[in-house]
Amino acid sequence: VQAEPYMEAGLKLYQDGKKEAAVLQLRKALNLDPDNLTIRKQIWAIMNPDKFYGDEIDFDWQKQQFSEDRVI
């Protein structure tokens, strides 16, 4: 619940075209809820849109990020 306002703020900033500010808010959310995969994937999608919004979602890339415990 603590992370939710930061996540919402991050998504709003992203919709407004403020990518860097969005990622900062999402990282704050992730720090409060480090096991939240939705927040983690939102950050990845903003930072690596080609892995999410191309012809196919790159699930192998996501698995690699999880195995390396990386947020990017």
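Presented here is an overview of the structure given in this document.

Calculation rules
Residues numbered from 1 in each chain as written. Predicted model: local features only at pLDDT ≥ 70, side-chain atom pairs only at ≥ 80, totals over all residues. Heavy atoms only, no water. Salt bridge = Lys/Arg side-chain N within 4 Å of Asp/Glu carboxyl O. Buried < 20%, exposed > 50% of the residue type's maximum accessible area, 1.4 Å probe, protein only. Phe/Tyr/Trp six-rings, centres within 6.5 Å; stacked < 30°, edge-to-face > 60°. Helix = DSSP H or I, 4+ residues; strand = E, 2+ residues; numbered from the N terminus. Core = buried A, V, L, I, M, F, W, Y, C linked by side-chain atoms within 4.5 Å. Contact = heavy atoms within 4.5 Å. Arc of directions from axis to C-beta. Polar contact = N/O pair within 3.5 Å; in protein donor to acceptor, adjacent residues only side chain to side chain.

Topic: the pattern of salt bridges
Applying the stated criterion to the full structure yields two salt bridges. Residue K12 pairs with D16 through a salt bridge whose shortest N-O separation is 3.0 Å. For D16, a relative accessible area of 42% corresponds to the partly exposed category.

Focus on the packing of aromatic side chains
According to the stated counting rule, one finds four aromatic pairs in the structure shown. A ring pair is formed by W44 and F66, whose centres lie 4.9 Å apart and whose planes are at 70°; its orientation type is edge-to-face. Taken together, the positions of W44 in helix α3 (residues 37-47) and F66 in helix α4 (residues 59-67) put the pair 22 residues apart, joining distant regions of the chain. Note on W44: relative accessible area 0%, which makes it buried. Centre to centre, the rings of F52 and Y53 are 6.4 Å apart; their planes meet at 45°, and the pair counts as tilted. An aromatic cluster is built from W44, F52, Y53, W61 and F66, whose rings are joined through pairwise contacts.

Focus on the environment of R27
Looking at the element boundaries, R27 is found in helix α2 (residues 19-32). Here the alpha-carbon distance between R27 and D55, two residues 28 residues apart in the chain, equals 27 Å.

Points about the nonpolar core
A3, M7, A22, V23, L26, A29, L30, I39, I43, I46 and V71 form the largest nonpolar core, which has eleven residues in total. Of all the secondary structure elements, the ones that give two or more residues to this core are α2 and α3. Looking at which element gives the most residues to this core, the answer is α2, with five residues. Every residue in contact with L26, bar those within four places of it in the chain, is listed here: Y6, M7, G10, I39, Q42, I43 and I46.

Observations regarding α4
Given 3.6 residues per helical turn, the α-helix brings residues three or four places apart onto the same face. When we look at burial in α4, the residues that qualify are W61, Q62 and Q65. Down the axis of α4, the sector holding all buried residues measures 100°, keeping them to one side. Opposite the buried face of α4, by more than 90 degrees, sit the exposed residues D60, K63 and S67. Against α3 lie the buried residues of α4. Where α4 starts, the residue carrying a side-chain oxygen 3.4 Å from the main-chain nitrogen of D60 turns out to be D58. Among the residues trailing α4, D69 stands out with phi positive, at a value near 50°.

Just geometry here; none of it tells us what the structure is for.
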